[in-house]
Every structure is written in structure tokens, then in C-alpha cells.
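Residue-level listing of the chains:
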Amino acid sequence: MKVGPGRSAGYRMGTPEQLAQLRATPGAVVYENSRYGSTYVTDRPGLDAAFAAGVPVMHLGQVDGVRAVLDGYPGRWLTVLLWCPRETTAARSASRGDIDTPARLAAWDATETDLTANPHFQFDLTIHTDEVAPEAAAAQIRQALSSELVLVDFDDTLIDRLAAVTAWVTRYCVGHGLGPGVEQRMLDAMRIRADLDVIEGLCAKLGLPESAGELWSRYEPELAAAVTPFPGVFEALAAVREAGHQVVVVTNGGAQIQHAKLAASGIAGVVDAVCISEEVGARKPQARIFEAAAASVGRDLAQGGWMIGDNAELDVLGGRAAGLRTVWVSHGRSWPGGEEPDYIARDVPDALDHIRGGTR
């Protein structure tokens, strides 16, 4: 709402009395500032009406104002910095016949100072309006609005870790003359998670012919070299990112071995970011790892998104608790019970196709 002189087109004009009433109502004023001799108010009733009418568009000239709206009014906001050089601002103002060009240039200066003072604030999209035509800028914004945050598990979701572990254990036992009983106990222990602690336990219990350190130094690079993505994963990731969505791998595990597998499998090069539990200090299903994954691409979980994975507890229940929609990758299994995910997919291509179809 604007209260004061000057242009009225594009504004919801108000009176000093209405402004006083908003100020007197707790929580009604989300943000207020003065510029060009007028008072501009972002108010809760106005936002409620704008959201009810469709997709609201707000024009704010201060980072504090953007923060106030993001923090003070829940919604899936897209922040866009529309920017042009000072001389372009002057030329446009003159061509419009503005009588307040000096004030507009002063506002440009103040905005530049404000942005410089807030270097850590990240806009979702920056458009240089002296380089991008209005129609192209609108297209960029429409695409960004349709963008979803897509978090996806790594082991046994994107890559066939179990097959690689099984093959490695078999080769190791055959190479050292170890029987099927030892092979099964190793596989049972390493099926879900294999780290140095697990290897040390196996060496102690089974009397394996190598020390834990020697065995781990072999296992880590050999497994990384053996893992392969499931069929169609690369194409599905490319398609969902081409549609404008941001993809982050969220995985429990040690940083060194997970980075090695991500690099060797090629997955690291086809996603926007990677979030590994050891580096974050939190494991799925803890909310903190999902929060860190969203932050890695400049997003907040309050904006929503998807979590895709093969583990009902870690990926589905953990993702839902973090406020995300969820997809369970079944690999042909039946849902184990309890509240179902938003979608049950055969595999990752099916999961990502569902997300693309649901947001087109």
C-alpha cells in the first residue's frame, strides 16, 4: 500500500487513517519504508488478498524489506534482483519525463550501498535489465517459479551399491580362500553401511588375513571403481535439471569414500550439489542434513521440495519430518507399511519423471 503523492498506477493507494489503523493492529505491518516523499507498506491483509488472487508480485527496494517478507509472511517466495547501471536509470527516467530524476538516482545509489552492505544475501535470480528484454526476463522468472528443490539419496537409489559390495566381498573371499559362511557374515555386516569401524569389527570377529587398515585401504578405492548408476539415471537427472529444478545428493557416509564413489560413478558432475553426513555433522533422518542440503543451493526448507530415496525410514520419514514431499524408490519391493510417501516409484527415472510431470 502506498500513502502519499506521486504515481498511483500499480499501487494500492491508502490514506493516512488506513496507515494508522494498520500500524495499530499487531502483526498487520510486515514491512514499512519511506521513499520519494511517500510511505510504502507491505501489510498482511494485502498479502493475503494478493495470494488469494493468484501469484503475487512485490517490488521492494531494500534487502531488509525482502528479509522482512521472507521471515514474516510464510510462502514460497522467489527473490529476483532487477538491476541496471546508473546511467541506464538516468536515461530511462529522462525518457519517461520524470520530474524526480535526481531522487531516483539517489535511490539507485542507496540501493547499491544496501547491496554492498549485505554481501551474504543471495537472490534466487539476478536479471540485468539493460541486457535482457522484458519478455526474456519474464520467461526467466516463470521458469524459476516452476523450479523445485529435489533432494535424492545416493547409495542404492542412484547407484547400485549393494551389487558392488556383494561382488567385492565375493572376490575378496575367493581370493583369500574364505568359505561361504565368512562371505555371508561379511556381506550381512557391510550390506547397509561399511566404514572403518565395521571393517575393524569384522577383522576382530572373523580373523581375516589382513589388518583393518589394510583391508579398508583396499576396499575404499576398489568399491568406488566398481559402483555404477542404475539404468536411465543420467538421462533422468539431465531432464529434471533442464526443466529448471535443482538437484542435491543427500547421503549418509564418510566424506572420502562417498566423494570417491560420486566421482567414479559420474554422479558428481550431473547434480547441483552434494551433502554428505560426515561433512555436515548430521545423518538422515535428522532435519539438519536436509536443511544443509537446501542451503547448499541457496534454498530454505520452508520453500518446500522433494526427497527421493530407497530407505523408508531415512529418506521418506526423515524427508516428511523436514517438510518435504517424498518419493520412495521401491526397486520392485512392497511398501513396508505405515503412512505412505507422496509417490512410490519403480526407480529414479520414474521418480524424477513424476516430479517433472507434477510441476509442468
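Residues numbered from 1 in each chain as written. Predicted model: local features only at pLDDT ≥ 70, side-chain atom pairs only at ≥ 80, totals over all residues. Heavy atoms only, no water.

Novice: Could you give an account of the sheet that holds strand 7 (residues 246–251), with specific residues and numbers?
Specialist: Within a sheet, adjacent strands bond to each other through the backbone by hydrogen bonds, running parallel or antiparallel. Spatially, 8-7-6-9-10-11 is the arrangement adopted by the 6 strands of the open sheet, whose pairing is parallel. Where the open sheet ends on each side, the last strands, each with one partner, are strand 8 (273–276) and strand 11 (343–345). Direction aside, the axes of adjacent strands within the sheet are offset by 20° on average. As paired strands, strand 7 and strand 8 are joined by 4 bridges and run parallel to one another. Within strand 8, the residue paired with V249 across the bridge is V274. Contacts from helix 12 (residues 255–265) reach strand 7 and strand 8 within the one sheet, and its direction differs from that of strand 8 by about 150°. (Pairing = 2+ DSSP bridges. Helix = DSSP H or I, 4+ residues; strand = E, 2+ residues; numbered from the N terminus. Axes fitted to C-alpha atoms, helices over the stretch in contact; angles between N-to-C directions. Contact = heavy atoms within 4.5 Å.)

Novice: Pulling in residues and values, what's your account of helix 5 (residues 101–117)?
Specialist: Relative to the 24 Å expected for 17 residues at 1.5 Å per residue, helix 5 spans 24 Å between its end C-alpha atoms, a close match to the ideal helical length. Residues T101, R104, L105, A107, W108, T111 and D114 constitute the buried set of helix 5. In this structure, the buried residues of helix 5 make contact with strand 2 (29–35), helix 3 (63–72), strand 4 (80–83) and helix 4 (86–96). (Expected span 1.5 Å × (residues − 1). Buried < 20%, exposed > 50% of the residue type's maximum accessible area, 1.4 Å probe, protein only.)

Novice: Kindly report on the pairing of strand 10 (residues 325–329), identifying the contributing residues and their values.
Specialist: In terms of residue burial, strand 10 counts as a mostly covered element, since 4 of its 5 residues are buried. Sheet topology places strand 9 (residues 306–309) next to strand 10; 4 bridges connect them, and they run parallel. In the sheet register, G309 faces strand 10, and the bridge partner there is W328. Each parallel crossover has a hand, and for strand 9 linked through helix 15 (residues 312–321) to strand 10 it is right-handed. (Right-handed = clockwise from strand over helix to strand, strands pointing away.)

Novice: Help me get a handle on the nonpolar core, residues and values and all.
Specialist: Grouped together as the largest cluster of nonpolar side chains are 47 residues, with contacts concentrated most on L158, M186, M190, Y219, I267, I308 and L352. Here this core takes 6 residues from helix 7 (residues 161–175), the largest share from any one element. For L158, the contacting residues outside a window of four places in its chain are V152, D153, P229, F230, V233, L237, V249, I267 and V348. Of all hydrophobic cores here, the second largest spans 16 residues; its members include V248, A273, C275 and A322. (Core = buried A, V, L, I, M, F, W, Y, C linked by side-chain atoms within 4.5 Å.)

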